[in-house]
Amino acid sequence: MPFFTHAVTNPYLYNPAFAGYDAHPVLYLTHRQQWLGVEGAPVSTNLSFHTPAGNANPISFGADLTHVRLGIYRVSTL
């Protein structure tokens, strides 16, 4: 979990049960780059989307794409 400081802006990162909570489609894009100018410094990017399936339907859908780069280590998750 690379975004320890973004829980307030994107609660979906920590609890997928928030999907559909806002009763409208929501898109979060978060980018974090530490130690600007230092080669191999940690860089994290996250794209989250969630939406309710309908007005009377309590089901929601969402997706979360995360990319982390730390030195030579790179990982993307969906």
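Described in the following lines is the structure provided in the data block. (Residues numbered from 1 in each chain as written. Predicted model: local features only at pLDDT ≥ 70, side-chain atom pairs only at ≥ 80, totals over all residues. Heavy atoms only, no water.)

Looking only at helices and strands, the protein chain has zero helices and four strands in total. Mapped in sequence order, the helices and strands of the protein chain form the string β-β-β-β. Burial status across the protein chain gives 26% buried among its 78 residues. Of the roughly 5500 Å² of accessible surface on the protein chain, a fraction of 64% belongs to carbon and sulfur atoms. (Helix = DSSP H or I, 4+ residues; strand = E, 2+ residues; numbered from the N terminus. Buried < 20%, exposed > 50% of the residue type's maximum accessible area, 1.4 Å probe, protein only. Areas by Shrake-Rupley, 256 points an atom, 1.4 Å probe, with all protein chains shown as cover.)

Glancing now at the side chain of Asn46. Structurally, the position occupied by Asn46 is in strand β2 (residues 43-52). Here Asp64 takes part through its side chain, which lies 2.7 Å from a polar atom of the side chain of Asn46. (Polar contact = N/O pair within 3.5 Å; in protein donor to acceptor, adjacent residues only side chain to side chain.)

Despite not being glycine, Ala23 has its phi angle at roughly 65 degrees, a positive value. Of note, Ala23 is situated in the segment before β1 (26-33). Residues other than glycine seldom take positive phi values, yet Trp35 does so here, at roughly 50 degrees. Relative to the assigned elements, Trp35 resides in the loop between β1 and β2. Its relative accessible area of 56% is what places Trp35 among the exposed residues.

In this sheet, β2 lies alongside β1 in antiparallel orientation, the contact comprising eight bridges. Looking across to β2, one finds that Leu27 is bridged to Phe49. (Pairing = 2+ DSSP bridges.)

To continue, consider the sheet that holds strand β3 (residues 60-70). The four strands lie next to each other as β1-β2-β3-β4, forming an open sheet whose pairing is antiparallel. Bordering the open sheet on either side are β1 and β4 (73-77), each of which pairs with just one other strand. Taken pair by pair, the neighbouring strands of this sheet meet at an average axis angle of 5 degrees, ignoring direction. (Axes fitted to C-alpha atoms, helices over the stretch in contact; angles between N-to-C directions.)

Turning to the environment of Tyr12, a few remarks are in order. Along the polypeptide, Tyr12 turns up in the segment before β1. Residue class for Tyr12 comes out buried when judged on its relative accessible area of 10%. When the C-alpha atoms of Tyr12 and Ser48 are compared, they prove to be 7.5 Å apart, with 36 residues separating the residues in sequence. Ignoring sequence-local partners within four residues, the contact set of Tyr12 consists of Phe18, Ala19, Ser48, His50, Gly62, Ala63 and Asp64. (Contact = heavy atoms within 4.5 Å.)

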